[in-house]
Amino acid sequence: MISFSLKGGIRKDEDAKVFVSYCPRLGIYSQGMTADQAKESLVDAIQLYIGSLYDRGLFEDTLQALGFSGASNAPDEGEFVGVDEQYQVYEFDVPMTMAA
């Protein structure tokens, strides 16, 4: 099993009455009725994205192109694609299990 440590942003969308979560490093958004649901939905969306990359044989090339480095499977330290000031930044882990 591998795990990705990422930074994301979360904000409340008053018009839609949902929380919106965002991972700028991967360009993935999700949402939920609560902040926790939005964060969990974002992890689920990232797991699906990474799993589909793996299934299609694009895993390593895509993650390298996104700046993920070597064995740590983490983005290069210090580089964070920013989010709008409406978002509260938080860190989270994305656990992945992939068949060999």
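In this text, all values refer to a predicted model and were calculated from it rather than measured experimentally.

Along its length, the protein carries two helices and six strands. When the elements of the protein are put in sequence order from the N terminus, they spell out β-β-β-α-α-β-β-β. Counting only residues that meet the buried cut, the protein has 35% of its 100 residues in that class. A sequence separation of at least 24 residues applies to 55% of the contacts in the protein between residues at least 6 apart. Of the roughly 6200 Å² of accessible surface on the protein, a fraction of 48% belongs to carbon and sulfur atoms.

In this section: the pairing of strand β1 (residues 2-13). As defined by bridge partners, β1 adjoins strand β6 (residues 88-96) across nine bridges and the pair is classed as antiparallel. Pairing of K7 across the sheet is with E91, part of β6. Summarising the sheet, β1 and strand β2 (residues 18-23) pair through five bridges and their orientation is antiparallel. Bridge assignment links R11 to a residue of β2, and that residue is V20. Joining the antiparallel neighbours β1 and β2 is a turn of four residues, in which K17 adopts a positive phi near 60°.

Along the chain, Q88 turns up in strand β6. When the C-alpha positions of Q88 and K12 are compared, they lie 9.6 Å apart, and in sequence the two are 76 residues distant.

As a rule of thumb, soluble globular proteins bury nonpolar side chains together. Counting residues in hydrophobic clusters, the biggest one holds 19 residues, and the most contacted among them are F4, L6, I46, F92 and V94. Only β1, α1 (35-55), α2 (59-65) and β6 provide two or more residues apiece to this core. The dominant element in this core, judged by the number of residues it contributes, is α1, at six residues.

Examined against the element boundaries, D13 turns out to sit in strand β1. A distance of 3.0 Å separates the side chain of D13 from the backbone nitrogen of D15, its partner in a polar contact. Residues within four places of D13 in sequence aside, it is in contact with V18 and V20.

So, on to the confidence of the model for the protein. When pLDDT is averaged along the protein, the result is 85; 83% of the residues meet or exceed 70. The secondary structure element of the protein with the lowest average pLDDT is strand β5 (residues 74-75), at 46, and the one with the highest is strand β3 (residues 28-32), at 97. When the criterion is pLDDT under 50, residues 71-80 qualifies, and its contacts beyond four places in sequence or with other chains add up to 20 contacts.

Cut-off values and rules
- Residues numbered from 1 in each chain as written.
- Predicted model: local features only at pLDDT ≥ 70, side-chain atom pairs only at ≥ 80, totals over all residues.
- Heavy atoms only, no water.
- Helix = DSSP H or I, 4+ residues; strand = E, 2+ residues; numbered from the N terminus.
- Buried < 20%, exposed > 50% of the residue type's maximum accessible area, 1.4 Å probe, protein only.
- Contact = heavy atoms within 4.5 Å.
- Areas by Shrake-Rupley, 256 points an atom, 1.4 Å probe, with all protein chains shown as cover.
- Pairing = 2+ DSSP bridges.
- Core = buried A, V, L, I, M, F, W, Y, C linked by side-chain atoms within 4.5 Å.
- Polar contact = N/O pair within 3.5 Å; in protein donor to acceptor, adjacent residues only side chain to side chain.
- pLDDT = per-residue confidence, 0-100.

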